[in-house]
Amino acid sequence: MTVNLQVADGVATFRLDRPPMNALDVATQDRLRELAGEVTRRDDVRAVVVWGGEKVFAAGADIKEMRDMDHAAMVARSRDLQDAFTAVARIPKPVVAAVTGYALGGGCELALCADFRIAAENAKLGQPEILLGLIPGAGGTQRLARLVGPSRAKDLIFTGRQVKADEAAAIGLVDRVVPAEEVYEQAHAWAAKLAKGPAMALRAAKEAVDAGLETDLDTGLAIERNWFAGLFATEDREIGMRSFVEDGPGKARFS
């Protein structure tokens, strides 16, 4: 398998395993979509970590495979490419990317699909497709601009330059920079902490934020309002409020 699935303590880990650089070929893309659907359905999975291993996250798409595709072939494939990444972005549970080494092109786009990105001090991120006479095709022009703003996104996309971890943190492309040997440990700890939280409220929060970014403020507020009211029908809301009244804040144990 080009992506392995491990589940422990309510956290699923997608471990990219296509050495030496975890190039994201068609089989890997399809496997990511398959696993995104699986962890969405599994009740024992409450959060997800996407990790490429100790040395590299993913250095991009498989250029040798892409080189053999003509226009007609890519027209047929491009929707499946985007759908695979969108499936990861739409996992209705917290997702963290543990980024070591290179996260370039499709690798960067995969990291963009996470809710939170923890990067190693030696990490390098970028969208170098312009150097191939292309543009990002797995969501980079859209998710990157929404994350770091259009000007910074255009800088990275127009030039194809790589940014080191410290600059990536400064522009908001990653959220935390840690020593390389701690990346997975910290990513798993972050995910495990959230895995103990109220599953429906976390899902509601993620969907409200993500859906709200795609629409106007009034529609976004309506989305928030509907999710907020709906959570009053959940057991987790009863547990949380009862614990707050009886024991004080932050002590609830959710089912």
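Here's a quick rundown of the structure. (Residues numbered from 1 in each chain as written. Predicted model: local features only at pLDDT ≥ 70, side-chain atom pairs only at ≥ 80, totals over all residues. Heavy atoms only, no water.)

Let's shift gears to the overall build of the protein chain. Scanning the protein chain from N- to C-terminus turns up 11 helices and 9 strands. Whereas a compact globule of 255 residues would reach a radius of gyration of roughly 18 Å, the protein chain reaches 19 Å, a difference of no more than 12%. The dimensions of the protein chain, computed from C-alpha atoms along their principal axes, are 60 × 40 × 35 Å. A buried classification covers 42% of the 255 residues belonging to the protein chain. Considering only contacts within the protein chain whose residues lie at least 6 apart along the sequence, 69% involve residues at least 24 apart. Counting 32 positive and 37 negative side-chain charges, the protein chain places the centres of these two groups 1 Å from one another. (Helix = DSSP H or I, 4+ residues; strand = E, 2+ residues; numbered from the N terminus. Rg over C-alpha atoms; globule rule 2.2 N^0.38 Å. Buried < 20%, exposed > 50% of the residue type's maximum accessible area, 1.4 Å probe, protein only. Contact = heavy atoms within 4.5 Å. Lys, Arg positive; Asp, Glu negative; His and termini not counted. Charge placed at Lys NZ, Arg CZ, Asp CG, Glu CD.)

Time to look at the pairing of strand β6 (residues 116-120). Among the 5 residues in β6, 5 count as buried, and that is most of the element. Because side chains alternate across β6, one face comprises the buried residues Phe 116, Ile 118 and Ala 120, and the other comprises Arg 117 and Ala 119, equally buried. Alignment of strand β4 (residues 95-99) against β6, held across 4 bridges, turns out to be parallel. Each residue of the ladder has a partner; that of Val 99, found in β6, is Ala 119. (Pairing = 2+ DSSP bridges.)

Moving on: the sheet that holds strand β8 (residues 162-164). Judged by pairing direction, the sheet is mixed, and its 3 strands sit side by side in the order β5-β7-β8 without closing on themselves. A strand with exactly one partner marks an edge of an open sheet, and here the two such strands are β5 (102-104) and β8. Taking the axes of each pair of neighbouring strands and ignoring which way they run, one obtains an average angle of 20 degrees across the sheet. Where strand β7 (residues 124-126) and β8 come together, 3 bridges link them in antiparallel fashion. (Axes fitted to C-alpha atoms, helices over the stretch in contact; angles between N-to-C directions.)

Before going further, it helps to examine the nonpolar core. As a rule of thumb, soluble globular proteins bury nonpolar side chains together. Ranked by size, the top nonpolar core spans 45 residues in total, and within it Phe 14, Val 48, Phe 57, Leu 125 and Leu 173 carry the most contacts. Counting 15 residues, the second-largest nonpolar core is a separate cluster that includes Val 49, Ala 120, Val 178 and Ala 195. (Core = buried A, V, L, I, M, F, W, Y, C linked by side-chain atoms within 4.5 Å.)

Here we take up the pairing of strand β1 (residues 3-8). Here β1 runs beside strand β2 (residues 11-16); their pairing, made up of 6 bridges, is antiparallel. Directly across from Val 7, in β2, lies its bridge partner Ala 12. In this structure, the hairpin formed by β1 and β2 is closed by a connection of 2 residues, where Asp 9 is found at a positive phi of approximately 55 degrees.

Simply put, the disulfide is a covalent bond whose two ends are the sulfur atoms of two cysteines. Across all of its chains, the model carries 0 disulfides by this definition. Its sulfur unpaired, Cys 108 is 10.0 Å from the next cysteine sulfur, which belongs to Cys 113. Under the relative-accessibility criterion, Cys 108 is labelled buried at 2%. Judged by its relative accessible area of 3%, Cys 113 falls in the buried class. (Disulfide = S-S within 2.5 Å.)

Turning our eyes to something else, we now look at the packing of helix α5 (residues 140-148) against helix α6 (residues 150-159). At their nearest, the axes of α5 and α6 sit 7 Å apart, and the two run at 135 degrees to each other. Taken together, the axis directions place α5 and α6 in an arrangement best described as oblique. The two elements α5 and α6 cross, and the hand of that crossing is right-handed. Counting all contacts with α5, which are made through Gly 140, Thr 141, Leu 144, Ala 145 and Val 148, the residues of α6 involved are Pro 150, Arg 152, Ala 153, Leu 156 and Ile 157. (Parallel < 35°, antiparallel > 145°, perpendicular 65-115°, else oblique. Left-handed = near helix turned anticlockwise from the far one by under 90°.)

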